[in-house]
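Each chain, written out:
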Amino acid sequence: MYGLSRYKLFFLLPGLLTLLAIILFPLIFTIRVSFSGWDAASPGLNFIGGGNYGRIFSDARFWESLVRLGFIATACVLLEYVIAFALALLVWHQVRLRRLTRVLFLIPMMTTPVVMAVIWRTIFHESLGPANDLMQILGIGNIAWLTSAGWATVVVILVDVWQWTPFMFLLLMAGLLSLPKEPFLAAAIDGAGPIRTFFNVTFPAMAPISAGAVIIRLIEASKIMETIYVVTSGGPGTATETSSYYIFIRGLRDFQIGYAAALSITYLVIMIVLLTIIAKLLARYLVKSGA
């Protein structure tokens, strides 16, 4: 048995080394670049110490983009969770064309994000898009979807919710299908109605799955980039500029590679800390309440 275990490790070693190389080399290289003054004027890994990191503390635009990201990510995930849970409950029960409905719900997730972002930008075009045509029919008038700070944020959230609610739906639907039937039978015997059954049985039983789904989507939502790049380009002004898009501007537009690397490492550390705290809070208040 010992020899067999050694052979298993031997066959796993190439994949493990490849995985470590894929993860560790870019991270280590980015850390090294973050301590350099690499930019358009002086390309190279000239060591400048912590100058880039010191610059971050006075970069109000980065911190504003981080707060903006927190708002957009939180709004997206909350809406996706509520809508996906409602759809999952609907499909979970015996409804007509249940299998077809499940497939239709997954179509937005299977499309290319950039392609769908282009379509959404066309829809919300202020003079040519059908969104304002609909507003005219309803008697509301034209809305500055992409040139107003508030409406541009709404559009970004709407596109992300449309794109990724199916992913949340898939996770929650799998959780509902895995729930035992006995608690629901007991609730029915006790005469509990649908609302009481949901809050006393379904929601507590789904708490661990809900926590996992929310964390997964928060991780993905914190990296939102394609939608903002295509739909609003961070505008109007910096109204929809998130941390990842700001790092893109500094690194690939302004070619401040060293500073962009420092921003990336700072952003990574902040996200790890915040998501760890959120995961612990969800485990404490959501999962324990369902235990």
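Details of the structure are given in the entry above.
These figures come from a predicted structure and were not determined experimentally.

What counts, and at which threshold
- Residues numbered from 1 in each chain as written.
- Predicted model: local features only at pLDDT ≥ 70, side-chain atom pairs only at ≥ 80, totals over all residues.
- Heavy atoms only, no water.
- Helix = DSSP H or I, 4+ residues; strand = E, 2+ residues; numbered from the N terminus.
- Buried < 20%, exposed > 50% of the residue type's maximum accessible area, 1.4 Å probe, protein only.
- Contact = heavy atoms within 4.5 Å.
- Areas by Shrake-Rupley, 256 points an atom, 1.4 Å probe, with all protein chains shown as cover.
- Lys, Arg positive; Asp, Glu negative; His and termini not counted.
- Charge placed at Lys NZ, Arg CZ, Asp CG, Glu CD.
- 1 Å grid on protein atoms, 1.4 Å probe; cavity = no way out; pocket = protein on both sides within 12 Å on 5 of 7 lines; lining within 4 Å.
- Points joined across faces, edges and corners; volume = space filled by probe spheres on them.
- Nonpolar A, V, L, I, M, F, W, Y, C, P; charged D, E, K, R; others polar.
- Core = buried A, V, L, I, M, F, W, Y, C linked by side-chain atoms within 4.5 Å.
- Axes fitted to C-alpha atoms, helices over the stretch in contact; angles between N-to-C directions.
- Phe/Tyr/Trp six-rings, centres within 6.5 Å; stacked < 30°, edge-to-face > 60°.
- Salt bridge = Lys/Arg side-chain N within 4 Å of Asp/Glu carboxyl O.
- Polar contact = N/O pair within 3.5 Å; in protein donor to acceptor, adjacent residues only side chain to side chain.
- Expected span 1.5 Å × (residues − 1).

### Here we look at the overall build of the protein chain
Regarding its fold elements, the protein chain presents 13 helices and 0 strands. Listing every helix and strand of the protein chain by position from the N terminus yields α-α-α-α-α-α-α-α-α-α-α-α-α. Considered along the principal axes of its C-alpha atoms, the protein chain spans approximately 75 × 75 × 35 Å. Burial analysis of the protein chain (291 residues in total) assigns 39% to the buried set. In the protein chain, once contacts between residues fewer than 6 apart in sequence are set aside, the share between residues at least 24 apart is 69%. Accessible area of the protein chain: about 16800 Å², with a carbon and sulfur share of 73%. Across the protein chain, the 20 positively charged side chains and the 13 negatively charged ones have centroids separated by 12 Å.

### Notes on the layout of surface pockets
Taken as a whole, the largest pocket spans an internal volume of roughly 390 Å³. Contributing to the lining of the largest pocket are 19 residues, with Thr74, Val77, Val214, Leu218 and Ile278 lying nearest its centre. Counting residues per element, the ones that place at least two in the lining of the largest pocket are α3 (60-92), α10 (207-221) and α13 (257-290). Among the residues making up the lining of the largest pocket, the classes are represented as 15 nonpolar, 4 polar and no charged.

### Details of the nonpolar core
In globular proteins that are soluble, nonpolar side chains generally tend to be buried together. Counting residues in hydrophobic clusters, the biggest one holds 28 residues, and the most contacted among them are Phe85, Met168, Phe169, Leu172 and Leu176. Among the secondary structure elements, those contributing two or more residues to this core are α3, α7 (149-177), α8 (182-189), α10 and α13. If one sorts the elements of this core by residue count, α3 sits on top with 9 residues. Apart from the residues lying within four places of it in its own chain, the contact partners of Phe169 are Ala84, Leu87, Ala88, Val91, Arg102, Phe105 and Leu106. The next biggest cluster of nonpolar side chains, apart from the first, holds 27 residues, and it includes Tyr245, Ile249, Ala260 and Met271.

### Some remarks on the packing of α3 against helix α12 (residues 243-253)
Contact pair α3 / α12: the axes reach a minimum separation of 8 Å and the direction vectors enclose 145 degrees. Counting all contacts with α3, which are made through Arg61, Phe62, Ser65, Leu66 and Leu69, the residues of α12 involved are Ser243, Tyr246, Ile249 and Arg250. Here the contact of α3 with α12 is built from residues that sort into 5 nonpolar, 2 polar and 2 charged.

### With respect to the packing of aromatic side chains
Enumeration over the complete set of coordinates arrives at 18 aromatic pairs. Centroid distance Tyr245 to Phe248: 5.6 Å. Interplanar angle 40 degrees. Geometry classified as tilted. Residue Tyr245 and its partner Phe248 are located together in helix α12, separated by 3 residues, close to a single helical turn. Look at Tyr245 and you get buried, because its relative accessible area is 0%. Exposure remark for Phe248: the relative accessible area of 19% places this residue in the buried category. Linked through ring pairs, Tyr81, Phe85, Phe198, Phe199 and Phe203 together constitute an aromatic cluster.

### A look at the pattern of salt bridges
Tallied over the full model, the rule gives 5 salt bridges. Arg250 is paired through a salt bridge with Asp254; the nearest N and O atoms lie 2.5 Å apart. Arg250 sits in the buried class, given a relative accessible area of 15%. For Asp254, a relative accessible area of 32% gives the class partly exposed. By sharing partners, the salt bridges in this structure join Glu80, Asp160 and Arg217 into a single network.

### Here we look at the side chain of Arg250
Its place among the elements puts Arg250 in helix α12. There is a polar contact of 2.5 Å between the side chain of Arg250 and the side chain of Asp254. Beyond its immediate sequence surroundings of up to four residues, Arg250 is in contact with Arg55, Arg61, Phe255, Gln256, Tyr259, Ala260 and Leu263.

### Remarks on α10
Residues spaced three or four apart along an α-helix point in a common direction, a consequence of the helix completing one turn every 3.6 residues. Compared with an ideal rise of 1.5 Å per residue, which puts 15 residues at 21 Å, α10 spans 21 Å between its outermost C-alpha atoms and is within 8% of the ideal. Among the residues of α10, Ala207, Ser210, Ala211, Ala213, Val214, Ile215, Arg217, Leu218 and Ala221 are the ones counted as buried.

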